[in-house]
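# Fold and geometry: a report
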Amino acid sequence: MPKNTKKILVDEEEELVEISTIVKVVSRQVLDSRGNPTVETDIWLRKGATGRGTVPSGASTGVHESLELRDDKKTVYGGKSVLRAVANVNKQIGPKILGRSAKDQNDLDTLMLKLDGSRNKSNLGANAILSVSMAVARAAAASENQPLFRYLNKRKDYKLPIPMMNVINGGKHAGNNLAVQEFLIEPVGGKNYSESLRYGVEVYHALKSVLNEKYGQTSTNVGDEGGYSPPLDKTAEALDAIMNAISNAGYDESQIKLGLDAASSSFYDPKTMSYRIDGKTLTSAELGDYYDNLVNTYPILSLEDPFSEDSFEEFAKITARLGRKVKIIGDDLYVTNPERLAKGIEMKATNAILIKLNQIGTVSETLEAIRMAKTAKFAIAVSHRSGETEDTFIAHLATAVGSHFIKAGAPARGERTAKYNELLRISEELGSEASYAGSSFT
Ligand code: PGA
Ligand code: ZN
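Procedures and definitions
- Residues numbered from 1 in each chain as written.
- Chains lettered and ligands numbered in written order.
- Predicted model: local features only at pLDDT ≥ 70, side-chain atom pairs only at ≥ 80, totals over all residues.
- Heavy atoms only, no water.
- Salt bridge = Lys/Arg side-chain N within 4 Å of Asp/Glu carboxyl O.
- Helix = DSSP H or I, 4+ residues; strand = E, 2+ residues; numbered from the N terminus.
- Buried < 20%, exposed > 50% of the residue type's maximum accessible area, 1.4 Å probe, protein only.
- Domains from an automatic or database assignment.
- Contact = heavy atoms within 4.5 Å.
- Buried area = accessible area lost by both parts, 1.4 Å probe.
- Pairing = 2+ DSSP bridges.
- Axes fitted to C-alpha atoms, helices over the stretch in contact; angles between N-to-C directions.

### Remarks on the pattern of salt bridges
Overall, the coordinates contain 31 salt bridges when judged by the stated rule. Arg 150 is paired through a salt bridge with Glu 433; the nearest N and O atoms lie 3.2 Å apart. You can see Arg 150 sitting in helix α5 (residues 148-152) and its partner Glu 433 sitting in the loop between α14 (414-430) and β16 (435-436), a full 283 residues away along the chain. What makes Arg 150 buried here is its relative accessible area of 14%. Of the residues examined, Glu 433 reaches a relative accessible area of 39% and is grouped as partly exposed. Note that Arg 425 and Glu 422 form a salt bridge whose closest N and O atoms lie 2.8 Å from each other. Taken as a pair, Arg 425 and Glu 422 lie in helix α14 at a separation of three residues, close to a single helical turn. Put simply, Arg 28, Glu 40, Asp 42 and Arg 52 are held in one network by salt bridges that share partners.

### Some points on the domain arrangement of the protein chain
The domain architecture assigned to the protein chain consists of domain 1 (20-145) and domain 2 (152-441). Every contact between the two is made by 34 residues of domain 1 and, on the other side, 33 residues of domain 2. The largest contributions to the domain 1 side of the interface with domain 2 come from Ser 33, Ser 60 and His 64, which together make up 22% of the buried area. On inspection of domain 1 and its partner domain 2, the count reaches six salt bridges. For Asp 224, the salt bridge identified is with Arg 34, shortest N-O distance 2.6 Å.

### Points about the sheet that holds strand β1 (residues 22-31)
Whenever strands of a sheet pair, they do so through backbone hydrogen bonds, lying parallel or antiparallel. Pairing in this open sheet of three strands is antiparallel, and the strands run β1-β2-β3 from one edge to the other. Looking at strand neighbours, the two that pair on one side only are β1 and β3 (50-54), the edges of this open sheet. When the angles between neighbouring strand axes are averaged without regard to direction, this sheet yields 15°. Relative to strand β2 (residues 37-45), β1 runs antiparallel, the two sharing nine bridges. Residue pairing across strands places Ile 22 opposite Leu 45, the latter belonging to β2. Of the strands in this sheet, β1 and β2 are in contact with helix α2 (residues 83-97), which crosses β1 at around 175°.

### What about the environment of Met 347?
With respect to the helices and strands, the residue Met 347 is situated in helix α10 (residues 338-347). The class of Met 347 is partly exposed, set by a relative accessible area of 27%. Sequence separation of Met 347 and Ser 435 is 88 residues, and the distance between their C-alpha atoms is 31 Å. Setting aside residues no more than four positions away along its own chain, Met 347 makes contact with Phe 312, Glu 313 and Ala 316.

Structure below.
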């Protein structure tokens, strides 16, 4: 190689390293969609690229989730301020990652895990760590002038997810008596993402009329995730209202499927080992029959957290029973944790997983859980939290990993539509470059 060519190559390499070098890290406290404080971090790279990560927050939080660090100072934001987590980024994590390349996602995530030193990220806070991890990925993508989904997947096998829209809110997300936390519509029948989104939105609006007519106007006040929260008591009443809305909007069961997130840990009583639902107290076996009956009555495609968060055996039983027809999704069961997922795969506990970045707390571990789930041929649903932000990271993540579903709430409230709208932009950019996950369910 001629001498000056070599020099140019070396310069180029240095230039690339230079571009992605982290030069500034600033974290701050902002608000989530429930008006609670959350952590946001900005990262600057040497040649001006920037990245931001804003962390969401759950209400029906799994006990095995990584720790969300809050200040617990009752006089400030009701104890929910996150200034310690913010300080952990500004004073501890930031100085350690300065001068490092934003492209070393794995190394930077590992460095933060070591710095924290606990099993559940309780020293620095998973909210502190994740804000940096997300900002690193964003900044690295910006340094390549790429949208995040392209940076996260260089193989280019992009897939647009089916929107899983939570149109009736119950459980811990609403002030009604519905035990089941989320009633979702899954418009699989559109020919692409944007058509399916439209189907879902039309059903959402039709549902408003159905509920207004039957239960009065207060029934269409919305819960945390933008779904209506009618004063209903029974699961079947909510499902019937949705079925009416589907047909009023001009669709049928082949085009719009239903999903339930029971989030059953919230109606499980560990003392009596029973579940309180529809005004009844059911054993695990009775609850299994209850779900079987629902699945035979309604076009249910997914059932999330049907049993409480440590019931691997009960999950395995329901997956063996209904798994051919229904995606049994583990959310609180797995908490996006590769170790818990390994156990679930081994036990055939589910055939699907919910993915939430902040349950585990780093982008690398999230990608590892997704990789394992894909190898096990599990369906994947990338998910928001009930306390959300304007951040659209999950829209990019879902596209990059070829997630079957994205769960981002009802098509209402800005923090929810932010994700659905970003997917519209991504699908416009990708055109025929991307496939659509709906085609595998019709
Ligand atoms: P959360 O609810 O964000 O309140 O945990 C979402 C879910 O359970 O899927
Ligand atoms: Zn859930």
